[in-house]
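Chain by chain, the residues:
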Amino acid sequence: MLDLLPPLNDHNLPWMDTIHPIVVHFVIAMALITFVFDLTGVVLRKPQLFEVSFWNLLFATASIFVAIIFGQVEAGLALPYGAAREILNIHSTIGWSLAAILSLMTAWRYVIRNRDTQQIPLSFLGAGGVLSLLVLVQIYLGDQLIWIYGLHTVKVVSAIREGIV
């Protein structure tokens, strides 16, 4: 499989730098702002925010699959060591779970939107809150992989290649 890719650089990637963190920030922002707009729309009785929220949710759902594709490729090339292996596995599992949850919530929201554009059920708000918490956990795990374990950083890749780590 690796024969199909260009030579790996000093980040152990076939492209300049990691792409997953760039794409995933769109997902994070859109998923979290969806909940914020829904909550604000309910509290301030501003149903026009529900439309903005719906489109953010839709784009978050589409974007997460792009983030997962790059995340899976980059995870496969990451050379995880020690505890980073387990964190990476959990991070990957939660990522796929978030894709499923976002897809289900988008379908649910589509039905809600078609029935009544002026209200959001409290159950959907609750699900949005749970989704937001799960996104925050995912951010924490991703930050650990980069800032604590240094996956795909030049120094860590070099140390792994030299057998130091």
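Up top is the structure these notes are about.
Described below are features of the structure shown in this document.

About the cut-offs
- Residues numbered from 1 in each chain as written.
- Predicted model: local features only at pLDDT ≥ 70, side-chain atom pairs only at ≥ 80, totals over all residues.
- Heavy atoms only, no water.
- 1 Å grid on protein atoms, 1.4 Å probe; cavity = no way out; pocket = protein on both sides within 12 Å on 5 of 7 lines; lining within 4 Å.
- Points joined across faces, edges and corners; volume = space filled by probe spheres on them.
- Helix = DSSP H or I, 4+ residues; strand = E, 2+ residues; numbered from the N terminus.
- Expected span 1.5 Å × (residues − 1).
- Buried < 20%, exposed > 50% of the residue type's maximum accessible area, 1.4 Å probe, protein only.
- Contact = heavy atoms within 4.5 Å.
- Nonpolar A, V, L, I, M, F, W, Y, C, P; charged D, E, K, R; others polar.
- Salt bridge = Lys/Arg side-chain N within 4 Å of Asp/Glu carboxyl O.
- Patch = residues over 30% accessible without salt bridge, like charges linked within 9 Å, V, L, I, M, F, W, Y side chains within 5 Å.
- Areas by Shrake-Rupley, 256 points an atom, 1.4 Å probe, with all protein chains shown as cover.
- Phe/Tyr/Trp six-rings, centres within 6.5 Å; stacked < 30°, edge-to-face > 60°.
- Lys NZ or Arg CZ within 6 Å of the ring centre and 35° of its normal.

## Describing empty space enclosed by the protein
Going through the model one piece at a time under the given rule, you end up with one cavity of 30 Å³ or more. When its volume is computed, the largest cavity comes out at roughly 30 Å³. In terms of lining residues, the largest cavity is bounded by Ala-31, Thr-34, Phe-35, Asp-38, Met-105, Phe-124, Gly-128 and Leu-131. By residue number, the principal contributor to the lining of the largest cavity is helix H1 (residues 20-43), which donates four residues.

## Describing H1
Relative to the 34 Å expected for 24 residues at 1.5 Å per residue, H1 spans 35 Å between its end C-alpha atoms, a close match to the ideal helical length. Considered for burial, the residues of H1 that qualify are His-20, Pro-21, Val-23, Val-27, Ile-28, Met-30, Ala-31, Thr-34, Asp-38 and Gly-41. Close packing links the buried residues of H1 with helix H2 (48-76), helix H3 (83-115) and helix H4 (122-148). Looking at the residues trailing H1, positive phi occurs at Arg-45, about 55 degrees.

## A look at the layout of surface pockets
Counted as a void, the largest pocket has a volume near 720 Å³. The wall of the largest pocket is formed by 36 residues, among which His-20, Pro-21, Val-24, His-91 and Gly-142 lie closest to the centre. If you list the elements that add at least two residues to the lining of the largest pocket, you get H1, H2, H3 and H4. No other element matches the nine residues that H4 contributes to the lining of the largest pocket. The class makeup of the residues in the lining of the largest pocket is 20 nonpolar, 13 polar and three charged.

## Topic: the pattern of salt bridges
In the structure shown here, the tally under the stated rule is two salt bridges. When the shortest N-O distance is used, the salt bridge between Asp-38 and Arg-109 registers 2.9 Å. Within this pair, whereas Asp-38 is found in helix H1, its partner Arg-109 is found in helix H3, the two being separated by 71 residues in sequence. When its relative accessible area of 2% is taken as the criterion, Arg-109 is described as buried.

## Observations concerning a nonpolar patch on the surface
A grouping of Leu-39, Val-43 and Leu-44 is seen on the molecular surface, where their side chains present a nonpolar patch of about 280 Å² in accessible area. Following the sequence through the fold, Val-43 ends up in helix H1.

## Remarks on unusual backbone geometry
Residues other than glycine seldom take positive phi values, yet Arg-45 does so here, at roughly 55 degrees. Within the fold, Arg-45 resides in the loop between H1 and H2. Unlike most non-glycine residues, Leu-79 shows phi in positive territory, near 55 degrees. Relative to the assigned elements, Leu-79 resides in the loop between H2 and H3.

## Considering the packing of aromatic side chains
Scanning all chains against the criterion turns up five aromatic pairs. Consider the rings of Trp-108 and Phe-124, whose centres lie 5.0 Å apart with planes at 75 degrees: the pair is edge-to-face. Here Trp-108, found in helix H3, pairs with Phe-124, found in helix H4; they are 16 residues apart in sequence, far enough to count as distant. What makes Phe-124 buried here is its relative accessible area of 2%. Lying over the aromatic face of Phe-54, Arg-113 brings its terminal NZ or CZ to 4.2 Å of the ring centre.

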